[in-house]
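Tertiary structure, described
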Amino acid sequence: MAAIKATIKQSLPITLTQAHTFAKEGSIKIQSLVEKSLHQIQSRENLNSFVNVRSQEELYREAEQSQERYDSGKPLSSIDGLPIAIKDNIFVKDMECTASSNILKGFRAPIDATVIKRLKAKGALIVGKTNMDEFGMGSLGMYGYDEKKIIKNPINEEYFAGGSSAGSAAAVRAEQALASLGTDTGGSVSYPAHCCGLYSLKPSYGRLSRFGQILYSSSNDVIGPMARTTDDLHSLFSIMEGEDVNDSNCINFQTISKIRNKERLSESRVEGSLKGVRVGIVQEFDIEELDGRNRNMQEELKKLLKDRGAELVDVSLPLVKYALPFYFTLVPSEASSNLSRYDGLKYGHQFDFNASQSSAQGKTKTELFDYIERVRSEAFGINVKRRVILGNFLLSSRFEDFNEKVIDAQKIRRLIIEEYCSVFEKGNIDMIISPVVIGERPPKISDVIGQSEKKNPVYEYKMDYYTAYPNATGTPAITIPVQEADQRYGEFPTSFKIQGCFGEDYHLLRIAKQIEKALKEAKMNFQ
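Going by an unreviewed UniProt entry, the protein carries the name Amidase domain-containing protein and comes from Halteria grandinella.

1. Here's the deal with the overall build of the protein
A tally of helices and strands in the protein yields 17 helices and eleven strands. Contacts in the protein between residues far apart in sequence, at least 24 positions, make up 78% of those at least 6 positions apart. In the form shown here, the protein has an accessible surface area of approximately 21,500 Å², with 49% of it arising from carbon and sulfur atoms.

2. Side note on the packing of helix α9 (residues 323-338) against helix α12 (residues 404-426)
Where α9 meets α12, the axes come as close as 9 Å, and the angle between the chain directions of the two elements is 135°. One element, α9, and the other, α12, form an angle in the oblique class. Crossing hand, α9 versus α12: left-handed. Seen from α9, the contacting residues are A323, F326, T329, L330 and S333; seen from α12, they are K405, V406, A409, Q410, I412, R413 and I416.

3. What to know about the pattern of salt bridges
The full count for this structure, using the stated rule, is 24 salt bridges. Between E158 and K444 there is a salt bridge; the shortest N-O distance is 3.4 Å. One end of the pair, E158, is in the loop between β3 (125-130) and α5 (166-173); the other, K444, is in the loop between β9 (431-435) and α13 (445-448), and 286 residues separate them in sequence. For E158, a relative accessible area of 47% puts it in the partly exposed group. Put simply, R207 and D505 hold a salt bridge, and the shortest N to O gap is 3.4 Å. Of this pair, R207 sits in the loop between β5 (199-202) and β6 (222-227) while D505 sits in helix α17 (residues 505-521), and the two are 298 residues apart along the sequence. With relative accessibility at 4%, the residue R207 sits in the buried group. Through salt bridges that share partners, R54, E58 and E62 make up one connected network.

4. Quick word on the sheet that holds β6
Reading across the sheet, the eleven strands line up as β1-β3-β2-β4-β6-β5-β10-β11-β9-β7-β8 and stay open at both edges, with mixed pairing between neighbours. Strand pairing shows two members of the sheet lacking a second neighbour, β1 (50-53) and β8 (311-315), which therefore form its edges. The sheet shows a mean angle of 30° between the axes of neighbouring strands, direction not considered. With six bridges joining them, strand β10 (residues 477-482) and strand β11 (residues 494-499) adopt antiparallel strand pairing. For I478, the partnering residue across the bridge sits in β11 and is I498. In the packing of α5 onto the sheet, contacts are made with β1, β2 (83-87), β3, β4 (179-184) and β6, and the angle to β4 comes to roughly 160°.

5. Considerations on helix α7 (residues 230-240)
The buried fraction of α7 amounts to nine of the eleven residues, a majority that puts the element mostly inside the structure. All of the buried residues in α7 are T230, D232, L233, H234, S235, L236, F237, I239 and M240. Looking one or two residues past α7, G242 carries a phi angle of roughly 130°, positive in sign.

6. Quick word on the state of the cysteines
Applying the stated criterion across every chain, the model contains zero disulfides. No disulfide involves C196; its sulfur sits 6.2 Å from the nearest other cysteine sulfur, which is in C195.

7. Some words on the environment of M431
Examined against the element boundaries, M431 turns out to sit in strand β9. With 67 residues separating them in the primary sequence, M431 and I498 have C-alpha atoms 6.2 Å apart. Discounting residues that sit within four places of it in the chain, M431 has contacts with R278, V279, G280, L305, F424, I498, Q499, L508, I511 and I515.

8. Considerations on the pairing of β4
In regular strands, side chains alternate between the two faces of the sheet. Across the six residues of β4, six count as buried, placing the element largely inside the fold. Taking every second residue as pointing to the same face, both faces of β4 are buried, with A179, L181 and T183 on one and S180, G182 and D184 on the other. In terms of strand pairing, β2 meets β4 through three bridges, oriented parallel. Note on β4: the bridge partner recorded for I84 is A179.

Scoring rules and cut-offs
Residues numbered from 1 in each chain as written. Predicted model: local features only at pLDDT ≥ 70, side-chain atom pairs only at ≥ 80, totals over all residues. Heavy atoms only, no water. Helix = DSSP H or I, 4+ residues; strand = E, 2+ residues; numbered from the N terminus. Contact = heavy atoms within 4.5 Å. Areas by Shrake-Rupley, 256 points an atom, 1.4 Å probe, with all protein chains shown as cover. Axes fitted to C-alpha atoms, helices over the stretch in contact; angles between N-to-C directions. Parallel < 35°, antiparallel > 145°, perpendicular 65-115°, else oblique. Left-handed = near helix turned anticlockwise from the far one by under 90°. Salt bridge = Lys/Arg side-chain N within 4 Å of Asp/Glu carboxyl O. Buried < 20%, exposed > 50% of the residue type's maximum accessible area, 1.4 Å probe, protein only. Pairing = 2+ DSSP bridges. Disulfide = S-S within 2.5 Å.

Here's what the structure looks like:
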């Protein structure tokens, strides 16, 4: 990257809301925000957060156009001209999908994803594409296109930044972008936000279009934003959400008949209050493996919410324990089906189909089956191979009834959803709270790399106990960073998750804003 010629002012805003306000007032120029992003990307490239960055010329040209709109008093939106980073498995036209998988090497997106179109239409400035675990399969940001380029945590580079949307989270924490987009299958937005001290939104299934996303698990995948405040999440979500004819699962929620309160589906700038908010305390979330820090934080949160007028209601969700077995049955099965299209015949990783080969049988030509096998063997990483093989096994005719395990998983999902909806409706619950993950801080890179007992995939699978549940139910969840007032655990914050009723994303965002305000007053917020 060419050297950045401008002097970077450390006082530049670090949130979308601040940047938009200052740009409207004329106290900052859009180009200075772009310069800061490029400077941070260059100076902290060892984080491995980005895989593709747009050229300075393109970014400066768009910044100049945005500045003209601000100067005339007509910015397109609250994100006009503001730098945003995009996870590599979301299409940005003419940009390579380098980190999604080596099997896509050289492939350039022919279109913008729907969410990117909507962001661009409102003036957002796409800085570049961020690093990730291959096809979104991983919890630590260590299974990328280049296993040597582990994504490091900007808070402390000796630690992981989470996964699989690790690059998007690291980019925001390192001030390389003001906000970012990730994708979430079972915590891939929530967990990186937790590790990097960010707010994140995993929206209701069908709220944001996935047209232009490289899918991992079709019935679980969602796109979600990460930022430093709930206001920023709200701004991004309100721009991206809405029906899309290119995604049959992305619908107009106002047309759904079985919704308990349609007023909660719509955007509203009414501040609201925590008074009278009914908070479900799920007894099944208090598991033996939960560490002392997160257990204590849950108790502090209960007290904080109660002091602000919220009503705490004990609830039981016995089927929570089946969310992980469901997840690791259905998700690998859908992944093996989705990834079957990558064969190296039309694009991506290829070699000469007619290349001569010697073998014990004396064959001279590569057969089609052998070609595809070689392409996939060479290009897929170890974590993708594990999940594809598991998915193929679960879909195989080995079982008495074809697909019986997948069908059982779908039945379990239906029971989980029915139980969840029943608890919310009968108890008139607004949200439930839970930890995001087990552990006082993110894993240390040196503690995982090279230690086979900790690289065992089961070690990572257990990390999804809390994060897989919202994807199983298809309901919205917001990650909120928090730090003890005395900072006794050092530099890393922890976080908690609030989860709402299906479709009530805006209602959950309104509650999250009040919680953010309460945390600031209690000096427990982290920004």
